[in-house]
Amino acid sequence: MRAGTPRALAVAVLLEVDRGGRAQHLLDRALRRAPWPERDRAYATFLVYGALRRLRLLDHLLAPLLPRPEGLPPEVRWILRLGALEWLEGKPDHARVSPWVEEAKRRYPGLARLVNAVLRRLAPREAPECVRLSLPDWLCEAWRGFFGDVAFAEGFNEPAPLFVTAYREVDLRPGPVPGSYLWEGPKTDFPALGLQPQNPASLFAAKLLEARPGERILDLCGGAGLKAFYLAAQGAEVVSYDLNPRRQEAGARTARRLGLRVRYRTQDLTRPLPERAKKVLLDAPCTGTGTFRTHPELRYRLSPEDPARMAALQLQLLETAAGATEEGGVLVYSVCSLTEEEGEGVVRAFLARHPEFRPEPVQPPFPVLARGLGVYVDPRGGLDGFYYAKLRKVNSQA
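Keep in mind the model is a prediction, meaning the values are calculated, not measured.

Caption draft 1: Just the pattern of salt bridges, in detail. A complete count under the given rule lists 30 salt bridges for this structure. Note that Glu184 is salt-bridged to Arg173, the shortest N-O span being 2.4 Å. With Glu184 in the loop between β3 (180-183) and β4 (195-197) and Arg173 in strand β2 (residues 173-174), this pair connects stretches of sequence that are eleven residues apart. Glu184 gets classed as exposed once you look at its relative accessible area, which sits at 58%. Lys279 is the salt-bridge partner of Glu215, the closest N and O atoms lying 3.0 Å from each other. Linking Glu215 in the loop between α10 (200-207) and β5 (216-220) with Lys279 in strand β8 (residues 277-283), this pair joins segments that are 64 residues apart in sequence. Through salt bridges with shared partners, a single network forms among Arg54, Glu129, Arg132, Glu141, Arg144 and Glu154.

Next comes the structure, spelled out in structure tokens:
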């Protein structure tokens, strides 16, 4: 994917997202190949993420001016959306319209006049809350019913700060949990600096285990092992399980560069584990509804059936985790999702089957949306939305 300008690159990336690609991966790869100053790289990033985060609202603003938008070529639709995004951000016409008209001319010269006319006639238009937040209606209504309102979802449409977990002494602005910092420069070789990009809400899931030197900890569905890195840095003996060996291989390389020791084992975690420990972390696969800020396209790909489908898998994985938790031990369950089904719903069903477990209080150092059988993290201020539950195995004979 090669493009001569940030605008052209944004259109190219968004076309690939339309075909099922992941915006973060596509944009990172494209920018690695672009010999641009940081300003141009930042603008391409703003365009891609801004268009995806505000997609429903942008289409709503364009609707009165486009009777049949589905009949337009995909490139032209993205050009119009991106031009509307710049209008929404207050960019004046003289700096906004002409560049997009030129982009249209390069691809579909016959539609350049349409692009010019539409972008010059944009006007404010009231939008329903779910459209203004660019959420699918089914999820917006589910959140309204569970949390009471959906104002928190505006956090998903804000720029994403880059948080890092530090494994060496650093002089950076602290994040909301100890060990987490805000990185404000360009992306770099983070492990070489003793740093690992990680959202503070993700880091806190590992902190809930209160790892101590010499303890054995099982990290289930650990992927590359980001949470395992933190646990190992506390001196714990960490075994990270996952089904994906490639992610584990990448994680092992990063762990070595950070000077950390994590053991990786590949296994289908719907089957029992060959070992047990006093402390077990299950950061389960989920719908990812708490990560819409960094994965904005995900909100348009989910269906109303997905939370229940994932909850069934999560309950299976919790069964495995329960079997791997020793008497008196602690099991932490977390997901980067904000649905009732994948959070409290899973834990409620699990506790009904396992009276030997008791929930313990969870007190995050940042705002939460709801408390009950665990807590849901408020995704504002750069945080990912997370759910945590801390369960202690008090009586295996119950």
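After that view, the rundown keeps rolling.
Caption draft 2: A look at the packing of helix α2 (residues 23-32) against helix α3 (residues 38-53). Packing of α2 against α3 brings their axes to within 11 Å, and their N-to-C directions diverge by 160°. Considered as vectors, α2 and α3 are oriented roughly antiparallel to each other. In this structure, α2 crosses over α3, and the sense of that crossing is right-handed. Taken together, the residues of α3 that come into contact with α2 (itself represented by Ala23, Gln24, Leu27, Leu31 and Arg32) are Arg41, Ala44, Thr45, Val48, Tyr49 and Leu52. In the contact of α2 with α3, the residues fall into seven nonpolar, two polar and two charged.

Caption draft 3: Structural detail: the state of the cysteines. In total, this model carries one disulfide according to the counting rule given. The partner cysteine of Cys130 in its disulfide is Cys140, sulfur to sulfur 2.1 Å. Judged by the sign of its S-S torsion, about -80°, the cystine formed by Cys130 and Cys140 is left-handed. Residue Cys130 is found in helix α8 (residues 129-132), and its partner Cys140 is found in helix α9 (residues 137-147); the two are separated by ten residues along the sequence. Overall, the relative accessible area of 7% leaves Cys130 in the buried class. The closest cysteine sulfur to the non-disulfide-bonded Cys286 is located on Cys336, 3.4 Å from its own sulfur. Looking at Cys336, the relative accessible area reads 21%, which means it is partly exposed.

Caption draft 4: Quick look at the packing of helix α1 (residues 6-18) against helix α6 (residues 93-107). For the pair α1 and α6, interaxial distance at closest approach is 10 Å and the crossing angle is 60°. Viewed along their axes, α1 and α6 adopt a mutual orientation that is oblique. For α1 against α6, the interelement crossing comes out right-handed. Between α1 and α6, the residues in contact are Arg7, Ala8 and Val11 and Ala95, Pro99, Trp100, Glu103 and Arg107, respectively.

Caption draft 5: Expanded view of the sheet that holds β4. If you walk across this open sheet you meet the four strands as β2-β3-β1-β4, and the pairing is antiparallel. Edge positions in the sheet fall to β2 and β4, since each of these pairs with one other strand and no more. In the sheet, β2 pairs with β3 via two bridges, with the strands oriented antiparallel. For Pro174, the partnering residue across the bridge sits in β3 and is Tyr181.

Caption draft 6: Structural context of the environment of Val118. Note that Val118 resides in helix α7 (residues 112-120). Note on Val118: relative accessible area 2%, which makes it buried. Each C-alpha atom of the pair Val118 and Pro64 lies 9.6 Å from the other, and the pair is 54 residues apart in sequence. If near-sequence neighbours (up to four positions away) are discounted, Val118 is found in contact with Leu62, Leu65, Leu66 and Leu80.

Cut-offs applied
- Residues numbered from 1 in each chain as written.
- Predicted model: local features only at pLDDT ≥ 70, side-chain atom pairs only at ≥ 80, totals over all residues.
- Heavy atoms only, no water.
- Salt bridge = Lys/Arg side-chain N within 4 Å of Asp/Glu carboxyl O.
- Helix = DSSP H or I, 4+ residues; strand = E, 2+ residues; numbered from the N terminus.
- Buried < 20%, exposed > 50% of the residue type's maximum accessible area, 1.4 Å probe, protein only.
- Axes fitted to C-alpha atoms, helices over the stretch in contact; angles between N-to-C directions.
- Parallel < 35°, antiparallel > 145°, perpendicular 65-115°, else oblique.
- Left-handed = near helix turned anticlockwise from the far one by under 90°.
- Contact = heavy atoms within 4.5 Å.
- Nonpolar A, V, L, I, M, F, W, Y, C, P; charged D, E, K, R; others polar.
- Disulfide = S-S within 2.5 Å.
- Pairing = 2+ DSSP bridges.

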